[in-house]
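Breakdown of the fold
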Amino acid sequence: MNNFNDNLLLRAENIKTYFPIYKGFFIKKKTGYTRAVDGVSLSIRSGETIGLVGESGCGKSTFARSILRLSPITSGKVWFQGVNLCDMHDNEIRKIRRYFQIVFQDPYSSLNPRMTVGSIIAEPLKEHSIVKRSELQGEVFRLLDIVGLSSQMLNKFPHEFSGGQRQRIAIARALALRPKLLVADEPVSALDVSIQAQILNLISTLQKQMGLSLLFISHNLAVVRHICSKVAVMYAGKVVEYGKTSDIFDHPQHPYTRTLIKSIPVPDPGYKNYKFNNVEK
Amino acid sequence: MALLDVENLTLGFYSEKNKKWSKVLNDVNFSLYENEFLGIVGESGSGKTILANSILNLIPKQGKIVSGSILFKDRDILKLTEDQIRKVRGKDIAIIFQDPMSSLHPLLTVKDQIVETLQAHRLIKKSDAVEIAMNLLRDVKIDRPELVLNKYPFMLSGGIRQRVMIAISISCGPEIVIADEPTTALDVTVQRDILALIKGFKKNLNFSLMLVSHDLGVIWENTDRVVVMYCGRIMESGKTEDVLRNPLHPYTFGLLSSIPRKTGKKLEILKGIRGSIPSLHDFPEHICPFLPRCDFATEKCNRPLLLEQVDRDRFVACFNKGAFK
Ligand SMILES: Nc1ncnc2c1ncn2[C@@H]1O[C@H](COP(=O)(O)OP(=O)(O)OP(=O)(O)O)[C@@H](O)[C@H]1O
Ligand SMILES: Nc1ncnc2c1ncn2[C@@H]1O[C@H](COP(=O)(O)OP(=O)(O)O)[C@@H](O)[C@H]1O
Ligand code: SF4
Ligand SMILES: [Mg+2]
Ligand SMILES: [Mg+2]
């Protein structure tokens, strides 16, 4: 069961996350449950890129939050390096959490508006004593450089940045702890295609360089196809289809997957021949 | 003949903070023809919403028309009085906003909002208006119209709300519908249904649609012609098929090469566009605005840009058209 060969990094087993539904305003009565995640199992290997797709409300974010123990789960197990995260105490979790980092859709709400970019990135480094005090500044510069921001931006505040730049800051902060797994929850959904391309390039380059595992949540199938080697399709709290990206896109089995694929508006696939070898003919 | 002609439209915005005027729309020229679907595409901040709103003369108070006209049925919309424009809005030209929540009245039921719009433009009894409202909801494929009719906007899902907005927009038989990112906030499957719905109406209702979107896929699938905007200017315009298949402007090319596509071999790095769109008060005015981000710039580009006609119904604003080919 908790077999960790095959470079298995994390294994979620039969995760269920239910939220109680209350009726009444003054006297609250539990009338049932929202089965946000209803028995999902997923293995993530080192360096693997897995896409999680499905319509709004199907449970993608809740699943991600559940396996990172950011959301209390109803039942199920999350194995990481031979231990079940669900059995861990909160203070143990805090130590282990540096290995799992998450980047959200709206970087604005996840960045403290009163902190400068420099201190936003330095904070986790200090908290987990990742580098010596004397090396702190150098490490922040290195991280800024990795995500393509200049060191002159160190003393600016989040509101002084564009959406794409803020997402770069959030990625720099997530990478500060040298995680093994990066969960990206709709990281490019709020961005223009041009900026989306920049962030996708950044995530996929870093993923390869650092051998990160990536759980990439999105409702944009074209993006998932581009960045992930495997895809899990969620519908109403369950994974209805899982497999290699090419199989899912070329031979979808589940009717819901087919509907989803049919719904992507694609610009004409065959626009004219250009000199660039990295653009499709 | 064109139904709507936007000619040399330049709109200035004053910034208190910078004590400075900037051109949020700069010499915009295009036509909307009868019964066509026209797309307006560009990154966010390129001026699409400002342009869409100008057509209804909805100009924020810090804005001032510097020059130009918007001709609709031989009248310049920009010269109409507030009374005259109110008769046009909602009746001849309807608008659907990105966030239906902000344009639906939060304290009125769906029924009241539709009835109010109908009665503002037509002389009809309340009971007839309710009847029409019911049929409109059926037209926008709402399953149980009688249930939705008595609901408040916040009680509805995003998709249903947008259907209600569409019902209101078509209620007075408009000649032009302007849809500003009508599906950006919605799921792909819902988005597809809503766009199919709008397209379906085109057949029976004969209106022209101006579809504002930053999604080239949506533009490709739903429009006949397209206008590509950047920094308040038109970079390129023409038949959608020509512009997206055979872009002549490096900006259009950059947008297209930002999209992950299906390829035999996996694309590693998307070509895309470097940098990002400047904020309004940094829009370059006396040089090609795309110059700081353009891979094909030459010294030629250091001068004021002009939109040139290169073919019948094909316009491009670039000194090195098609340089990337
Ligand atoms: N804290 C919570 N309390 C109660 N219900 C919740 C909570 N969080 C999520 N839910 C419900 O659980 C279901 C799954 O939500 P979740 O946010 O995981 O969906 P999602 O797939 O991430 O959707 P989206 O694409 O919109 O981000 C929804 O019905 C949601 O309303
Ligand atoms: N009410 C306003 N006051 C000041 N600047 C504005 C206002 N509305 C839009 N802008 C600015 O005008 C430019 C164009 O905006 P907009 O038309 O909303 O772009 P788009 O719809 O293409 O995203 C942007 O730089 C934006 O910040
Ligand atoms: S005019 Fe010059 S800088 Fe502007 S888009 Fe064309 S090549 Fe690029
Ligand atoms: Mg979510
Ligand atoms: Mg807009």
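Right, let's walk through the structure included here. (Residues numbered from 1 in each chain as written. Chains lettered and ligands numbered in written order. Predicted model: local features only at pLDDT ≥ 70, side-chain atom pairs only at ≥ 80, totals over all residues. Heavy atoms only, no water.)

1. Some words on the overall build of chain A
Assigned secondary structure in chain A consists of 10 helices and 10 strands. Over its C-alpha atoms chain A spans a radius of gyration of 20 Å, differing by no more than 12% from the 19 Å that the globule rule assigns to 281 residues. Along the first, second and third principal axes, the C-alpha set of chain A runs to 55 × 55 × 50 Å. Total accessible area computed for chain A in this model is approximately 13400 Å², and 49% of it derives from carbon and sulfur atoms. (Helix = DSSP H or I, 4+ residues; strand = E, 2+ residues; numbered from the N terminus. Rg over C-alpha atoms; globule rule 2.2 N^0.38 Å. Areas by Shrake-Rupley, 256 points an atom, 1.4 Å probe, with all protein chains shown as cover.)

2. Comments concerning the site of ligand 3
His-249, Pro-250, Cys-288, Phe-290, Leu-291, Cys-294, Phe-296, Ala-297, Cys-301, Cys-318, Phe-319 and Asn-320 of chain B make up every residue found near ligand 3. Taken together, the residues of the shell around ligand 3 break down into 10 nonpolar, two polar and no charged. (Near = heavy atom within 4 Å. Nonpolar A, V, L, I, M, F, W, Y, C, P; charged D, E, K, R; others polar.)

3. A word on the environment of Ser-22 of chain B
All names here are of chain B. Mapping Ser-22 onto the fold places it in strand 2 (residues 20-33). When neighbours within four sequence positions are excluded, Ser-22 is seen to be in contact with Leu-11, Gly-12, Phe-13, Leu-280, His-281 and Glu-285. In terms of polar contacts, Ser-22 uses its side chain to reach the side chain of His-281, at 2.6 Å. (Contact = heavy atoms within 4.5 Å. Polar contact = N/O pair within 3.5 Å; in protein donor to acceptor, adjacent residues only side chain to side chain.)

4. Examining the site of ligand 1
Residues and elements named next belong to chain A. Near ligand 1 the following residues occur: Phe-19, Thr-34, Ala-36, Glu-55, Ser-56, Gly-57, Cys-58, Gly-59, Lys-60, Ser-61, Thr-62 and Glu-186. Residue Ser-56 places a side-chain N or O atom 2.6 Å away from an oxygen atom belonging to ligand 1. Lys-60 is positioned with one of its side-chain polar atoms (N or O) 2.7 Å from an oxygen atom of ligand 1. Burial of ligand 1 by the protein chains amounts to 57% of its free accessible area of 640 Å². Counting only elements with at least two residues in the shell around ligand 1, the list comes to strand 2 (29-45) and helix 1 (60-67). The leading source of residues in the shell around ligand 1 is helix 1, at three residues.

5. Points about helix 8 (residues 188-205) of chain B
Here helix 8 of chain B is 18 residues long and its end C-alpha atoms lie 26 Å apart, about the 26 Å a rise of 1.5 Å per residue gives. Considered for burial, the residues of helix 8 of chain B that qualify are Val-188, Thr-189, Gln-191, Ile-194, Leu-195, Leu-197, Ile-198 and Phe-201 of chain B. Taken together, the buried residues of helix 8 of chain B touch helix 10 (255-263) of chain A together with strand 3 (37-41), helix 5 (126-139), helix 7 (158-170), strand 8 (208-213) and helix 9 (216-222) of chain B. Asn-206 of chain B lies just past helix 8 of chain B and shows a positive phi near 55 degrees. (Expected span 1.5 Å × (residues − 1). Buried < 20%, exposed > 50% of the residue type's maximum accessible area, 1.4 Å probe, protein only.)

6. Here's the deal with the sheet that holds strand 4 (residues 75-80) of chain A
Residues and elements named next belong to chain A. Across the sheet, four strands lie side by side as 2-1-4-5; this open sheet has antiparallel pairing. Strands at the two margins of the open sheet, each flanked by one partner only, are strand 2 and strand 5 (83-84). Helix 1 rests against strand 1 (8-23), strand 2 and strand 4 of the sheet, and its axis sits at about 120 degrees to strand 1. (Pairing = 2+ DSSP bridges. Axes fitted to C-alpha atoms, helices over the stretch in contact; angles between N-to-C directions.)

7. Some points on the packing of helix 7 of chain B against helix 8 of chain B
All names here are of chain B. One way to put it is that helix 7 packs onto helix 8 with a least axis distance of 10 Å and a crossing angle of 15 degrees. By the angle between their axes, helix 7 is roughly parallel relative to helix 8. In this structure, helix 7 crosses over helix 8, and the sense of that crossing is right-handed. For the pair formed by helix 7 and helix 8, the contact residues are Gly-159, Gln-162, Arg-163, Ile-166 and Ile-170 on the first element and Val-190, Asp-193, Ile-194, Leu-197, Ile-198, Phe-201 and Leu-205 on the second. Residues that form the contact of helix 7 with helix 8 fall into these classes: eight nonpolar, two polar and two charged. (Parallel < 35°, antiparallel > 145°, perpendicular 65-115°, else oblique. Left-handed = near helix turned anticlockwise from the far one by under 90°.)

8. Quick notes on the packing of helix 4 (residues 110-121) of chain B against helix 5 of chain B
To describe two helices that pack against each other, one gives the angle between their axes and the distance between the axes. Residue and element names in this part refer to chain B. With their axes 9 Å apart at the nearest point, helix 4 and helix 5 run at an angle of 115 degrees to one another. Overall, the two elements helix 4 and helix 5 adopt an arrangement that is roughly perpendicular. Both helix 4 and helix 5 take part in a crossing whose hand is right-handed. The residues of helix 5 that touch helix 4, namely those facing Val-110, Lys-111, Asp-112, Ile-114, Val-115, Leu-118 and Gln-119, are Lys-126, Ala-129, Val-130, Ile-132, Ala-133, Leu-136 and Leu-137.

9. Focus on the nonpolar core
Counting residues in hydrophobic clusters, the biggest one holds 63 residues, and the most contacted among them are Leu-4, Phe-30, Ile-40 and Ile-93 of chain B. The dominant element in this core, judged by the number of residues it contributes, is strand 1 (residues 2-15) of chain B, at six residues. Residue contributions to this core reach at least three from each of two domains, namely domain 1 (2-223) and domain 2 (247-325) of chain B. Residues within four places of Phe-30 of chain B in sequence aside, it is in contact with Leu-4, Asp-5, Val-6, Leu-38, Ile-40, Leu-51, Ile-55, Met-210, Val-227 and Ile-234 of chain B. Within the second largest apolar cluster, 58 residues are counted, among which are Leu-143, Val-188, Leu-221 and Val-231 of chain A. (Core = buried A, V, L, I, M, F, W, Y, C linked by side-chain atoms within 4.5 Å. Domains from an automatic or database assignment.)

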